Amino acid sequence: MTMFLPRIRAIRYAHVVLLLLLIFGAALPVRAQTLPVWETAQQMRDFAFQAQNELYAAARADDPLAQRQTAADLLDKAAQAYAMELQPAFKRSVSEADAQITDSLARARSAALDGDAAVLAIARGRLWTALLRGGEALTLSALAAGDVASAAEWLKVREYRESTRVSRVDDSSAQALAAVAEGRLTTDAAVQIVSNDLRDAYFFRLRDSLAQIEAAAEKNFSTRVAEWSGLASGYFSILQSDISEKLGADADAALRRSFAALESAALNEDWSALRSQVVSIRALLSDYQPVELTSAEVAKRGQLLYLFTDLIYIEYKSGVRGGEIVIPIEYQETITFHKQAAAVFEEVRPHIAAVDAAAAARFETLLNEINAVIVKRGEPNDMKILVDEALEIVETTLGARADASDAAASFTILDTLIRDMLNAVREGRYTDAESARIEAYAIFESGPEKRLKNRAPVLSRELEGLFWEGADGQKGLATLIAERASAEEIASRAAKLTEKLNEAENFLSAGMNSFLAVVNSMVIILREGLEAVLILGAILGYLSATKSPYKFSLWVYAGAGAAIVLSVLTWWLAQSLITITVAQRELIEGVASLTAVVVLFYVTNWLFEKVYVVDWIAYVKEQVGKALNSGSALALAGLGFTVVFREGFETVLFYQALSFDADANSIWLGFALGSVIIFAIAYAILKLSKRLPLKPFFAATGLLLMLLAFNFTGAGVRGLQEAGLVSAHLSTWIPENLILMNLFGIYPTLETTFAQILFLLLIAATFGYSLWRKRRLLPSPEGRKNRFEGEKHE
């Protein structure tokens, strides 16, 4: 007992000093507040933090007294700021919070003079949470009195729960105050909304502080443990009346004892007792819910719990092999998704326990075992066994399932991956940041983008630009990461991306009526099928016009049919048996486009040769009696295959995405209408090929194929960019125009532009060579006259 007497005397002395400061501050002439209330609260917190830093310096100094006194002076400044700006309101309306603040400041000052960093850290935590407690009480009392302006000011003295897609921070309290001011909400309803919002935030912070205590204890960070222990006790004080009402007086008393023991263990650096108290507190709080969830909210959180738990294994199996981390960002995302799963579990645990108490306890054990596998980098198969059991519990108790193809799930994962990207950038891990960016784009491209591309193409393009080279003349994330831009600059673009993703989520959540579903379905088949039909129609028209044997048309049909079958088969395999990542799909589409360019390049030059170089009439007559050589037939079949496969796989995916928004009848009706239009265009091309003069028809055909090859060149390189194989640098002098992108494959990147310029140069070179050959093979004047007469007759 005697060992505590000096500390008790010091605290009493500090109370006397603090009392004098408060009396002196209150006796000063009345003046207008110089700072908003939230800024004063933050200033007090900053003074306390600076005092803690002075004690760190004192611990390393030969003569620590000067730093200790500086720390005490800083705390005196905090006390004076409180007395001048906040105490009158706190004393009048929130006497308990006022007493806590006064006591915390006194204990902090005493600890500063004693050089006791741990006691100061606990006092700092209590001081801040007492300010939050007062801010909450003053907000609610002002709102109940109808003083919305004062309530809005005091509301700023608050903390938010961490902003995640599990429960996004959209500041419902501020929205409620605005609704009261506009007469759209009663004050009673607003008080309930604000109260629920703040309780939810502080319970989240309480749970987070317990996790932070464990993490700091693992590293023997005694001051950090003490600070988080003070914060945890403070958050409990804010929630205590609600906890007592919902869990009963016995649970309240047990929690008060546990938090006192937690602080004592922190001061004594008794890590075993500390961990025991954390476990005890979690168990006592396991049935507490700050806000009663609706059935829809429980269902949503159940889906997210399933999703996050499932993603733990998905990321882990890619990140760890043979006890080693092979892909660091995948390992980091495993940890992130484990934390997300644990956070959601805390919210739905009472609902799981209501169905099966043993299942709730088992799920908690599984989370701990999963964490153990993560820490020791165990075998992926061990992780799969644990995750599968956890998923079964979620499914049987909450009736929830989810996967990354679900729209809400996609946005949830995107939010997590963008956060991981930013964390990697802040730590200087730009390679990991780029991996997270590519993975985030893969999620976006495989889900939301497929749905946005038809319904909101401008927004889809904006998002794509933000992920890649840029938009609106501003560099995108891919460019900024490649340039190793500052964390602030990358965070700014990420914030813009998040804003647009929120816009996309709101847009998609609005749904789609039957008429729009039919139109979108029709647009998909028209957009994806038109290029293929134009090419195939031109080639089949050529075969028809030259009266080539029908078997050569069959080569084209066979190539197109094989492509359709392979497109559907590839999609089925990707859904059922094998994993085709978005990057691999973009690679497939990019390679298919560039392969089509090669074939189109050959066919275009071949047509140009026949139209402008050789004796055309002689050539046509020759085709009547002679079939195409096998090499040309195979080229035409290859062309039929590549142009259809390029569009086929993506078309199936677009219809799969549309099925999330529309009913099957509307989709089939739109598909049927679009198909009728497509076949009408094909029929018109074939009829036209028989009526137009041959030379103009084939000249037009050659020009069309050349334009499509130009388009495919840009689209193919773009696909390789989206697969991560080719870099993407923004070209500000090329307009970001959807028409240019869709019709001509012109994207605002240097790489796609260079590829298309190279294509044009190659076309010019080969056409020039053909014309040069024409001049060399030019017949005599009389031969030219005969040829001219023949062409007139033709």
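Computed from a predicted structure; not experimentally measured. (Residues numbered from 1 in each chain as written. Predicted model: local features only at pLDDT ≥ 70, side-chain atom pairs only at ≥ 80, totals over all residues. Heavy atoms only, no water.)

## With respect to the overall build of the protein chain
Note the threshold: Comment: elements are numbered from the N terminus, with helices defined as DSSP H or I runs of at least four residues and strands as E runs of at least two. Only the protein chains shown count as cover for residues, and all accessible areas are computed by the Shrake-Rupley method using a 1.4 Å probe.
When helices and strands are counted, the protein chain shows 31 helices and four strands. In the structure as shown, the protein chain presents an accessible area of about 36000 Å², 59% of it carried by carbon and sulfur atoms.

## Concerning the nonpolar core
To be explicit about the condition: Only buried residues count toward a nonpolar core. Its members are Ala, Val, Leu, Ile, Met, Phe, Trp, Tyr and Cys residues joined through side-chain atoms within 4.5 Å. When accessible area is computed with a 1.4 Å probe and restricted to protein chains, residues below 20% of their type maximum are described as buried, those above 50% as exposed, and intermediate ones as partly exposed. Contact definition: two residues touch when any of their heavy atoms are within 4.5 Å.
In this structure, Met44, Leu86, Phe90, Ile101, Ile213 and Leu274 are the most contacted members of the largest nonpolar core, which totals 76 residues. Counting residues per element, this core draws most heavily on helix H5 (residues 117-144), which supplies 13 residues. Setting aside its immediate chain neighbours within four residues, leucine 274 contacts Ile213, Ala217, Val225, Ser229, Leu262, Ala265 and Ala266.

## Describing helix H13 (residues 328-355)
The criterion, for reference: What a helix is expected to span follows from its residue count: subtract one and scale by 1.5 Å. Think of it this way: the bend at a residue is just the angle between two axes, each fitted to seven residues, one set ending at that residue and the other starting at it.
A rise of 1.5 Å per residue sets the reference length of H13, with its 28 residues, at 40 Å; its end C-alpha atoms lie 38 Å apart and thus fit the reference within 8%. At valine 348, H13 shows its largest bend, some 55°, and a proline, proline 350, comes one to four positions later.

## Describing the packing of aromatic side chains
Both the distance between ring centres and the angle between the ring planes are used here to describe each pair of aromatic rings. In plain terms, the rule: Side-chain rings of Phe, Tyr and Trp (the six-membered ring for Trp) are treated as a pair once their centres are within 6.5 Å; stacked means planes under 30 degrees apart, edge-to-face means over 60, and tilted covers the remaining angles. Either the NZ atom of lysine or the CZ atom of arginine qualifies as a charge over a ring when it sits within 6 Å of the ring centre and within 35 degrees of the ring normal.
The final tally for this structure, using the stated rule, is 13 aromatic pairs. Centroid distance tyrosine 441 to tryptophan 468: 5.3 Å. Interplanar angle 85°. Geometry classified as edge-to-face. Residue tyrosine 441 is located in helix H17 (residues 430-446), and its partner tryptophan 468 is located in the loop between helix H19 (457-467) and strand E3 (470-471); the two are separated by 27 residues in the primary sequence. An identical accessibility class is assigned to tyrosine 441 and tryptophan 468; each is buried. Where phenylalanine 710 meets phenylalanine 759, the ring centres are 6.5 Å apart and the plane angle is 50°; that geometry is what we call tilted. Here phenylalanine 710 is found in helix H28 (residues 694-722), whereas its partner phenylalanine 759 is found in helix H30 (residues 750-776), with 49 residues between them in sequence. For the pair phenylalanine 710 and phenylalanine 759, one class covers both residues: buried. Of the aromatic side chains, those joined through ring pairs into one cluster are Tyr441, Phe444, Phe467 and Trp468. Lying over the aromatic face of tryptophan 128, arginine 45 brings its terminal NZ or CZ to 4.1 Å of the ring centre.

## Looking at the environment of leucine 417
Mapped onto the elements of the fold, leucine 417 is located in helix H16 (residues 407-426). Residue leucine 417 is classed as buried on the basis of its relative accessible area, which comes to 0%. Between the C-alpha atom of leucine 417 and that of arginine 437, which follows or precedes it by 20 residues, the distance is 7.2 Å.

## Describing helix H2 (residues 37-60)
Along its 24 residues, H2 runs 36 Å from first to last C-alpha, staying within 8% of the 34 Å computed at 1.5 Å per residue. Among the residues of H2, those classed as buried are Val37, Thr40, Ala41, Met44, Phe47, Ala48, Ala51, Gln52, Leu55 and Ala58. Summarising the contacts, the buried residues of H2 are in contact with helix H3 (65-93), helix H4 (95-114), H5, helix H6 (148-155) and helix H9 (222-247).

## A closer look at the packing of H2 against H3
Quick note on the threshold: Axis definition: a line fitted to C-alpha atoms, over the contacting stretch in the case of helices. Angles run 0 to 180 degrees between N-to-C directions. Should an angle lie under 35 degrees it is considered roughly parallel, over 145 roughly antiparallel, and from 65 to 115 roughly perpendicular; all remaining angles are considered oblique. Polarity classes work like this: nonpolar for Ala, Val, Leu, Ile, Met, Phe, Trp, Tyr, Cys and Pro, charged for Asp, Glu, Lys and Arg, and polar for all others, with Gly in that last group.
Across the interface, H2 lies against H3 with an axial gap of 8 Å and an inter-helix angle of 170°. When the axes of H2 and H3 are compared, the pair comes out roughly antiparallel. Grouping the amino acids of the contact of H2 with H3 by side-chain chemistry returns 16 nonpolar, five polar and four charged.

## A few points about the environment of arginine 275
Tracing the backbone through its elements, the reader meets arginine 275 in helix H11 (residues 271-285). Beyond its immediate chain neighbours, meaning those up to four positions away, arginine 275 contacts Ala217 and Glu218.

## A short note on the confidence of the model for the protein chain
Definition in use: Looking at any residue, its pLDDT shows the predictor's confidence there, from 0 to 100.
On average, residues of the protein chain score 79 in pLDDT, and 75% of them reach the 70 mark or higher. Note on residues 163-170: pLDDT under 50 across the span, and 29 contacts to partners over four residues away in sequence or across chains.

## Some thoughts on the packing of helix H12 (residues 295-319) against H13
The cut-off we apply is this: Throughout, a crossing is termed right-handed when the near helix is turned clockwise from the far one, and left-handed when it is turned anticlockwise from it by less than a right angle.
Closest axis-to-axis distance for the H12/H13 pair is 8 Å, and the angle between their directions is 155°. The orientation of H12 with respect to H13, classified from their angle, is roughly antiparallel. For the pair H12 and H13, the sense of crossing is left-handed. When grouped by side-chain class, the residues that make up the contact of H12 with H13 number 13 nonpolar, seven polar and five charged.

## Focus: a nonpolar patch on the surface
This is how it is decided: What goes into a patch is any residue over 30% in relative accessible area without a salt bridge, connected to like charges within 9 Å or, for nonpolar side chains (Val, Leu, Ile, Met, Phe, Trp, Tyr), within 5 Å. The working definition used for a salt bridge is a side-chain nitrogen of Lys or Arg within 4 Å of a carboxyl oxygen of Asp or Glu.
On the surface, Leu703, Leu707, Leu743 and Phe744 cluster together into a nonpolar patch covering about 350 Å² of accessible area. Those elements that place two or more of their residues in the nonpolar patch are H28 and helix H29 (738-744). Mapped onto the elements of the fold, phenylalanine 744 is located in helix H29. Residue classification places phenylalanine 744 among the partly exposed residues on the basis of a relative accessible area of 30%.

## A short note on the pattern of salt bridges
All chains considered together, the criterion is met by 30 salt bridges. Between aspartate 76 and arginine 109 there is a salt bridge, with its nearest N and O atoms 2.6 Å apart. Of this pair, aspartate 76 sits in helix H3 while arginine 109 sits in helix H4, and the two are 33 residues apart along the sequence. Under the relative-accessibility criterion, aspartate 76 is labelled buried at 14%. In this structure, glutamate 153 engages lysine 156 in a salt bridge whose closest nitrogen and oxygen atoms are separated by 3.2 Å. Since its relative accessible area comes to 32%, glutamate 153 is described here as partly exposed. Here the residues in one salt-bridge network are Arg45, Glu159 and Arg205, joined through shared partners.

## Concerning unusual backbone geometry
In this structure, asparagine 220 takes a positive phi of about 60° despite not being glycine. Summarising the element assignment, asparagine 220 is placed in the loop between helix H8 (187-218) and H9. Positive phi values are uncommon outside glycine, yet arginine 484 reaches one of about 55°. In this structure, arginine 484 sits in the loop between helix H20 (477-482) and helix H21 (487-509).

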